[in-house]
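The chain contents come next:
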Amino acid sequence: MKVHKAEATMENHVTQIAREDLEDLREAFNKIDIDNSGYVSDFELQELFREASFSLPGYKVREIIEAFMRGDSNKDEKISFEEFVSIYRELKSKELSETFKKTVTRRDGIRSFGGMSENSSAGTQHSYSDEEKVAFVNWINKALDKDSDCQHLLPMNPSDDSLFTSVRDGILLCKMINLSQPDTIDERVINTKKLTTFKMTENLVLALNSASAIGCTVVNIDAHDLMAGKPHLVLGLLWQVIKVGLFADIEISRNEGLIGLLRDGEQLERLLALSPEDLLLRWVNYHLQNAGTSTINNFSEDIKDSRAYFYLLDQIAQHEENDHKMSVKIDMSGLSERDLEKRAELMLQQAARLDCRQFVSPHDVTSGNSKLNLAFVANLFNMHPSLQRVHINGMDTAHIEGETKEEKIFRNWMNSLGVSPYVNHLYWDLCDGLVILQLLEKVNVHVNWKKVNQPPYPALGANMKKLENCNYAVRLGRDVAHFSLVGIGGENLNEGSPMHTLALVWQLMRRYTVLVLSDLGDGDKVGDQIILNWVNKTLSEKRKDTQISNFKDQLISTSLPVIDLIDVIAPGTVRWEMVKRGERGVLRQADKLNNAKYAISLARKIGARVYALPDDLVEVNPKMVLTLFACLMGHGLKKANH
């Protein structure tokens, strides 16, 4: 095998890696770099490590991506072979990790620092972007401007590090989560007065568990990291939270006009399965095509000259004027400006006329910062989608249903664990078996990754490779995890069958939920009756009269058993004036919902990672009720053992 010249030029920097190892790394790299571009994408890094026989858990890979991508000067979210070798060398070098000293450097708007996370890979250098910090500060200042609970924090100064200290008491994070996903946190549970370290920690635990419930990956972050204001972790979490809010309405069930982005001959199911990023790209190109100009392929290289943005803004303004929503004439003369930075500023001045000058500076446009440009476009879509309501085959697209609450819970649970790729569509994104196999690993089922087919799949036989993965996943679920999978085969997952997929995913979630009990007993053998017995025994010991007969007991609809249980586990947590008990135990529906919201947020505040929704309690959804009580049992037993 030939060694590329680039390798020879870097040998002085990789003296710890022998030539034959370099050749092995090159071979692994070439297998992933299927288009011979000389780069792999950041989401392919975990596959690349596996190919190089150096498997790492997902959260480790994410930390590496976070650290190195923030230091990536061209912001293209791609990794060259040289960068990969450098990452590999640092991970393999114990000497580097032992002698690694905290340093802070700054270049091209990137701040770097080492060894700030105890959980991070040894020797990893963490970086963060000043541009992102400024963008997030400006967004938060505007979004929470009128929130009375945040007046002690706002406005933050984008030119200093106040953002990193502002998250210390947890209030701002809780508010941002509710801004992105309304009613996730019952704000009656947030500590806002006399903030001791304990109360601030409670807020941070509440924020982290709530962020997890809306699909943010928080497995490598804890309250101490946030209280210390570790920049890369604060920015990483805030970006996830902000993105949830920006992407919330970018789906067909929320904006039926998106149906107009269907391509000729394309099935509706395929459009429904597209990620918000892909939908945004189609949306931009839809308007660019209407403008009669060339389309774009990304939000980095292709938008640097501001041309696409000028035409996009012009199309939006014309659409708004036709609908008599507003009359703004976009000044296109900026396209003749030869200085790209000045041109970008002129473009953003036009965006400001649509009240959409958020997230990007002129430099963020000309440097192709894909993250911030994606946020800019998402906000533009949310403010001015400018799409016509359409019909297909005579059917009103308003009848297209979005994902169910159960599907959303499962999808958020998967994403919170850091599965790769990110799950946007519960069935489509599971049809190659890779996410299921990762989940099996997370419930202590050994997966032999050498037996797993990794993307990119061959043009011919791609579905066969995916089916093999699904068959392997079902076999592990049935034979190793001992799940009940009667009538479920790999083909059911591969075809995206909702009934069969949900049956397997539910058993995975249940196993994951009670796994915490395995540290205190044998989690694999914890059955429903054991959890039920613990709930009733714990309640009766403190003379609570809210014992339940099973997980379908209608008393659960009041949430009183949950609230009483929390009071036993964490005395003094419940503010009883917030709890409705009703006359003779009879509660109105509104009071039930209020109790349920309070109960769910309390559970998260005391440290239980709960994915159930308030409606699950009110409607007494036995599956999600079980997971809630199992989480509380795990937390209660762990606390008792300490």
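These numbers were taken from a predicted model, which means no experiment stands behind them.

Enquirer: Please give an account of the overall build of the protein chain that cites residues and values.
Expert: Counting its secondary structure elements, the protein chain contains 28 helices and seven strands. Burial analysis of the protein chain (642 residues in total) assigns 55% to the buried set. Long-range pairs, those at least 24 residues apart, make up 60% of the contacts in the protein chain with a sequence separation of at least 6. Roughly 29100 Å² of accessible area belongs to the protein chain as shown, and the carbon and sulfur atoms make up 48% of that amount.

Enquirer: Describe the confidence of the model for the protein chain, naming the residues involved and giving the relevant values.
Expert: Detailed reading of the predicted coordinates is not advisable wherever pLDDT falls low. Confidence in the prediction for the protein chain averages 86 pLDDT; 84% of positions are at 70 or higher. Of all helices and strands in the protein chain, the one with the weakest mean pLDDT is helix 6 (residues 94-99) (39), whereas helix 9 (residues 171-180) scores best (98). Contacts of residues 94-107 to residues separated by more than four positions or lying in other chains number 24 contacts, the stretch itself having pLDDT below 50.

Enquirer: Describe the nonpolar core, and please don't skip the residues or the numbers.
Expert: Leu280, Trp283, Met414, Leu440, Phe629 and Leu632 are the most contacted members of the largest nonpolar core, which has 175 residues in total. Here this core gets eleven residues from one element, more than from any other, and that element is helix 12 (residues 231-247). In contact with Leu440, not counting residues within four places along its chain, are Val445, Val447, Ala473, Leu476, Gly477, Phe483 and Leu508. Ala28, Val40, Ile64 and Ile65 belong to the second largest nonpolar core, which has 20 residues in total.

Enquirer: A description of the pattern of salt bridges should follow, citing residues and the corresponding values.
Expert: In this structure the tally under the stated criterion is 27 salt bridges. Notably, a salt bridge pairs Glu406 with Lys623, separated by 3.8 Å at the nearest N-O pair. Of this pair, Glu406 sits in helix 19 (residues 405-416) while Lys623 sits in helix 28 (residues 622-641), placing them 217 residues apart in sequence. Exposure remark for Lys623: the relative accessible area of 31% places this residue in the partly exposed category. Through salt bridges with shared partners, a single ionic network connects Asp147, Asp149, Lys175 and Glu187.

Enquirer: Please provide a residue-by-residue account of the packing of aromatic side chains, values included.
Expert: Two descriptors summarise a pair of aromatic rings, namely the distance from one centre to the other and the angle between the planes of the rings. The tally for this structure, following the rule as stated, stands at six aromatic pairs. Ring geometry for Tyr309 and Phe376: centres 5.0 Å apart, planes at 65°, overall edge-to-face. Of this pair, Tyr309 sits in helix 15 (residues 307-322) while Phe376 sits in helix 18 (residues 370-383), and the two are 67 residues apart along the sequence. Of the two residues examined, Tyr309 and Phe376, each falls in the buried class. Residue placement shows Arg26 over the ring face of Phe81; its charged tip is 3.9 Å from the ring centre.

Enquirer: Hey, could you go over the state of the cysteines for me, with residue numbers and the actual values?
Expert: One pass over the full model with this rule turns up zero disulfides. Cys174 supplies the cysteine sulfur nearest to Cys150, a cysteine that is in no disulfide, at a spacing of 9.6 Å. Under the relative-accessibility criterion, Cys150 is labelled buried at 0%.

Enquirer: Could you give an account of helix 7 (residues 130-143), with specific residues and numbers?
Expert: Under the 1.5 Å per step criterion, the end-to-end length of helix 7 is 20 Å for 14 residues, consistent within 8% with the ideal 20 Å. Residues Asp130, Glu131, Glu132, Lys133, Ala135, Phe136, Val137, Trp139, Ile140 and Asn141 constitute the buried set of helix 7.

Enquirer: Explain the packing of helix 23 (residues 498-515) against helix 28 to me, and be specific about the residues and the numbers.
Expert: Their axes nearest at 9 Å, the elements helix 23 and helix 28 cross at an angle of 15°. Overall, the two elements helix 23 and helix 28 adopt an arrangement that is roughly parallel. Helix 23 and helix 28 meet at a crossing whose hand is left-handed. Here Trp506, Met509, Arg510, Thr513 and Val514 of helix 23 come into contact with helix 28, specifically with Lys623, Met624, Leu626, Thr627, Ala630 and Cys631. Here the contact of helix 23 with helix 28 is composed, by residue class, of seven nonpolar, two polar and two charged.

Enquirer: Please set out the packing of helix 20 (residues 434-442) against helix 21 (residues 462-479) residue by residue, giving values where relevant.
Expert: For the pair helix 20 and helix 21, interaxial distance at closest approach is 9 Å and the crossing angle is 25°. As judged from the angle between their axes, helix 20 and helix 21 are roughly parallel. The interaxial crossing formed by helix 20 with helix 21 has left-handed handedness. Here Leu434, Ile436, Leu437 and Leu440 of helix 20 lie close against helix 21, whose contacting residues are Asn469, Tyr472, Ala473, Leu476 and Gly477. Split into classes, the residues belonging to the contact of helix 20 with helix 21 amount to seven nonpolar, two polar and no charged.

Enquirer: Break down unusual backbone geometry for me, citing the residues and quoting the values.
Expert: For the peptide bond that leads from Leu154 to Pro155, omega is -5°, which places it in the cis range. Here Pro155 shows up in the loop between helix 7 and helix 8 (162-166). The omega torsion across Ser420 and Pro421 is 5°, close enough to zero to call that bond cis. Mapped onto the elements, Pro421 comes out in the loop between helix 19 and helix 20. Within the chain, Lys194 stands out as a residue other than glycine whose phi angle is a positive 45°. Considering the arrangement of structural elements, one finds Lys194 in the loop between helix 9 and helix 10 (197-213). Judged by its relative accessible area of 75%, Lys194 is exposed.

Enquirer: Residues and numbers for the environment of Asn285, please.
Expert: With respect to the element layout, Asn285 can be found in helix 14 (residues 276-290). The exposure class of Asn285 is buried, given its relative accessible area of 13%. Remark: the alpha-carbon pair of Asn285 and Thr295, spanning ten residues in sequence, is separated by 5.2 Å. Sequence-distant contacts of Asn285, that is, excluding residues within four places in its chain, are made with Thr295 and Ile296.

Enquirer: With reference to specific residues and values, describe the environment of Asn373.
Expert: Among the secondary structure elements, Asn373 is positioned in helix 18. By relative accessible area, Asn373 is classed as buried at 0%. When the C-alpha atoms of Asn373 and Ser300 are compared, they prove to be 7.4 Å apart, with 73 residues separating the residues in sequence. Every residue in contact with Asn373, bar those within four places of it in the chain, is listed here: Phe299, Ile303, Tyr309, Val360, Asp364, Val365 and Gly368.

Enquirer: Talk me through the side chain of Asp314; I want residue IDs and the actual numbers.
Expert: Note that Asp314 resides in helix 15. A polar side-chain atom of Asp314 sits 2.9 Å from a polar atom in the side chain of Gln318.

Enquirer: Could you give an account of the side chain of Ser497, with specific residues and numbers?
Expert: Looking at the element boundaries, Ser497 is found in the loop between helix 22 (490-494) and helix 23. Of the polar contacts made by the side chain of Ser497, one reaches the side chain of His500; its length is 2.7 Å.

Enquirer: Describe the environment of Val218, and please don't skip the residues or the numbers.
Expert: Examined against the element boundaries, Val218 turns out to sit in the loop between helix 10 and helix 11 (223-227). The class for Val218 is buried, based on a relative accessible area of 1%. When the C-alpha atoms of Val218 and Ser416 are compared, they prove to be 6.5 Å apart, with 198 residues separating the residues in sequence. Ignoring any residue separated from it by four or fewer positions in sequence, one finds Val218 in contact with Leu208, Ala211, Ser212, Leu237, Ser416 and Arg609.

Reading the values: rules and limits
- Residues numbered from 1 in each chain as written.
- Predicted model: local features only at pLDDT ≥ 70, side-chain atom pairs only at ≥ 80, totals over all residues.
- Heavy atoms only, no water.
- Helix = DSSP H or I, 4+ residues; strand = E, 2+ residues; numbered from the N terminus.
- Buried < 20%, exposed > 50% of the residue type's maximum accessible area, 1.4 Å probe, protein only.
- Contact = heavy atoms within 4.5 Å.
- Areas by Shrake-Rupley, 256 points an atom, 1.4 Å probe, with all protein chains shown as cover.
- pLDDT = per-residue confidence, 0-100.
- Core = buried A, V, L, I, M, F, W, Y, C linked by side-chain atoms within 4.5 Å.
- Salt bridge = Lys/Arg side-chain N within 4 Å of Asp/Glu carboxyl O.
- Phe/Tyr/Trp six-rings, centres within 6.5 Å; stacked < 30°, edge-to-face > 60°.
- Lys NZ or Arg CZ within 6 Å of the ring centre and 35° of its normal.
- Disulfide = S-S within 2.5 Å.
- Expected span 1.5 Å × (residues − 1).
- Axes fitted to C-alpha atoms, helices over the stretch in contact; angles between N-to-C directions.
- Parallel < 35°, antiparallel > 145°, perpendicular 65-115°, else oblique.
- Left-handed = near helix turned anticlockwise from the far one by under 90°.
- Nonpolar A, V, L, I, M, F, W, Y, C, P; charged D, E, K, R; others polar.
- Polar contact = N/O pair within 3.5 Å; in protein donor to acceptor, adjacent residues only side chain to side chain.

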